[in-house]
Amino acid sequence: MADSDPVCFQPASDQSLLVSFGSEITPAANDRVRRLLRLLQLDRVPAVMNLHPAYCSLLVRFDALVIGHEELETILRTYVARMEEVPMPEHREVEIPVCYGGEFGPDLDELAAMHGMSPDDAAALHASVMYTACFLGFVPGFAYLGGLPESLATPRLATPRRRVPAGSVGIAGNQTGVYPHSTAGGWRLIGRTPVAMFRPAECHMSLIAIGDRVSFRPITVGEFAKLSDTCA
Amino acid sequence: MRVIRVESPGLFTTVQDFGRPGFGPLGVSASGAADSVALRLGNRLVDNPEGAAALEMTLRGGAFEFPKGARAALTGSDFGATVNGSAIPLWTAFDIRPGGTLLIGPTRSGARCYLCVNGGIAVETFLGSASTHVLSGLGGFNGRPLRKGDVLHIGPATSVTPRERSIPAELLARLAPRTLLRVTDGPQSDWFPETSRRVFYNSVYRVTEEANRMGLRLEGAAVAARSGGQMITEGVALGAIQVPAGGQPIILFVEQQTTGGYPKIANVIAADLFSVGQLRPRDEVRFEHVDFDTARRLLVAQEELIRALH
């Protein structure tokens, strides 16, 4: 990792500071985000109210009655300076069963055609890779997974759907992920999982935690139904 | 135990407190009262901690029966309330006798009205907060807006100042919701050419029907970022004004998405966020640019006003 990569501090609002590690999505930049996040969770800054990680940046929300941008930046620079030493949790491996195509993946056929492959091949390719959970964001439990094969990278839908069913597996650009809740969304849907993503009663509260390695296992419609019953 | 029986829930009524900041790393936004000033003042009127859980009503209130009575206060926008036929003034503590029914009508001013009761609304907290997070169906009362027939528990009564209490009119005038919202630069303000920024600051924007706790879509003069800017998804601040393709701004609000991929032209200052909570569909807003020092001064001044009240 290049420690010389500049870290950039920028006010995002009068009560938040955006810390950026470059302006490109790279594993190294995302590793720095996760390290800074981890250190700020282990060694809390009292005036910091919330943290919003992303691919190569971390938004730090603070209590503006207590601290200002400059003072917080000074503190965060000391965190950045020692974040390489922070012990990182061992990443887990999470396997997610997915029923590809059909009514569960209404965009699979078109997406595959855009890349000149069959829907089965596109699904098999999607399920052949180990992804990394770069961060959780957007809505509770939504993990942004990096590592999508370049040949599956596809732009978002021109018009987002008003309602994407919970469990839908989607592709947007070179990222993939699972919608934990029924929300609006513009990702292209290639399949659906019957398992719950956001699990507030469990210790991590989410099937996927930041930094986890994630893979997808193709299942049939029958297995989907069976697993739905088990999870219900 | 004292309870509130929901005879009619109103249009969209949820349990809210100060919310649950700190769970951004899980994609969970803080939620919390849309007009936190109204929540704070209402709770003070009924001798609660400022962040006690209350009912947040939207555009139209409901009918609530209090079998064992309660000391209560209504704050925020004027929804025209009565108890057993007598009009109830806003921003004033009042007693509901056992068996009394509080009727709250449609709004006569802004979007939200708060019903605070001594003892607070007692619900099981989720991640340390009683706030309803509607999208994920968590927190508040069963994770959802109230329905007819719901029975809400009221927390243990605290000692109540016997005299009538109300918020001085002079203070209310200084804490009135604004439609000229003060904003600072956002992280991508410099992606917008000077012409776009001038349009943004000189135009009137109308709140569309798509306005809720997650965000408020505006319509008005379109603003466009320079083309070619490759936006990487990043954390978004409360009050961020993002501009998707099409150029119509969206204000991200209390139950916001935690990250987003659209450029932000500006950000509503902390001191004016409560005003956003009072915007209704078809209301008109304008934006005034301030620097970060001014934003901080305005927040400190607002805090001093609220704290000086006793």
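Residues numbered from 1 in each chain as written. Chains lettered and ligands numbered in written order. Predicted model: local features only at pLDDT ≥ 70, side-chain atom pairs only at ≥ 80, totals over all residues.

## Quick word on the overall build of chain B
Counting secondary structure elements, chain B contains five helices and 21 strands. Its C-alpha radius of gyration of 20 Å places chain B within 12% of the 19 Å reference for a compact globule of 310 residues. In terms of principal-axis extent, the alpha carbons of chain B reach across some 65 × 40 × 30 Å. Going through the 310 residues of chain B one by one, you find that 52% of them count as buried. Sequence separation of at least 24 residues holds for 76% of the intrachain contacts in chain B that already meet a minimum separation of 6. (Helix = DSSP H or I, 4+ residues; strand = E, 2+ residues; numbered from the N terminus. Rg over C-alpha atoms; globule rule 2.2 N^0.38 Å. Buried ≥ 20, exposed ≤ 12 C-beta atoms within 10 Å, placed from the backbone. Contact = placed C-beta atoms within 7 Å.)

## With respect to the sheet that holds strand 4 (residues 57-62) of chain A
Where strands meet in a sheet, backbone hydrogen bonds hold them as pairs that are either parallel or antiparallel. Residue and element names in this part refer to chain A. Strand order in this open sheet of four strands is 1-2-4-3, and the pairing throughout is antiparallel. The open sheet has two free edges, formed respectively by strand 1 (7-13) and strand 3 (48-53), since each of these has just one partner strand. Neighbour-to-neighbour, the strand axes of this sheet turn through a mean angle of 20 degrees, independent of strand direction. Seen against the sheet, helix 2 (residues 69-82) touches strand 1, strand 2 (16-21) and strand 4 and runs at an angle of roughly 35 degrees to strand 2. (Pairing = 2+ DSSP bridges. Axes fitted to C-alpha atoms, helices over the stretch in contact; angles between N-to-C directions.)

## Observations regarding the environment of leucine 127 of chain B
Residue and element names in this part refer to chain B. For leucine 127, the position within the fold is in the loop between strand 11 (121-122) and strand 12 (151-154). A residue is classified by how many C-beta atoms lie within 10 Å of it, and leucine 127, with 19 of them, is partly exposed. Once the C-alpha coordinates of leucine 127 and proline 21 are considered, the two residues, 106 residues apart in sequence, prove to be 9.2 Å apart. Ignoring sequence-local partners within four residues, the contact set of leucine 127 consists of Arg20 and Phe23.

## Considerations on the interface of chain B and chain A
Opposite the 34 residues of chain B that make contact, chain A presents 42 residues. Looking at the side of chain B that touches chain A, the elements with two or more residues in it are strand 16 (234-235) and helix 5 (292-308) of chain B. At six residues, helix 5 of chain B tops the list of elements feeding residues into the side of chain B that touches chain A.

## Topic: the nonpolar core
In this structure, Val60 of chain A together with Cys116 of chain B are the most contacted members of the largest nonpolar core, which totals 150 residues. With six residues, helix 1 (residues 27-42) of chain A is the single largest residue contributor to this core. Excluding residues that lie within four positions of it along the chain, valine 60 of chain A makes contacts with Ser16, Leu17, Val19, Val48, Leu51, Leu72 and Leu76 of chain A. (Core = buried A, V, L, I, M, F, W, Y, C linked by C-beta atoms within 7 Å.)

## Focus on the domain arrangement of chain B
Residue and element names in this part refer to chain B. Examined at the domain level, chain B breaks down into domain 1 (3-171) and domain 2 (180-308). Contacts between the two partners involve 23 residues from domain 1 and, on the opposite side, 15 residues from domain 2. In terms of residue count, helix 1 (residues 36-45) provides more of the side of domain 1 that touches domain 2 than any other element does, four residues in total. (Domains from an automatic or database assignment.)

## Comments concerning the pairing of strand 4 of chain A
All names here are of chain A. Within strand 4, six of the six residues are buried, which leaves the element mostly enclosed by the surrounding structure. Here strand 2 runs beside strand 4; their pairing, made up of five bridges, is antiparallel. If you follow serine 16 over to strand 4, its bridge partner there is arginine 61. Inspection of the sheet shows strand 3 paired to strand 4 by five bridges, in the antiparallel sense. Pairing of histidine 52 across the sheet is with leucine 59, part of strand 4. Counting the residues between successive antiparallel strands, the hairpin from strand 3 to strand 4 contains three residues.

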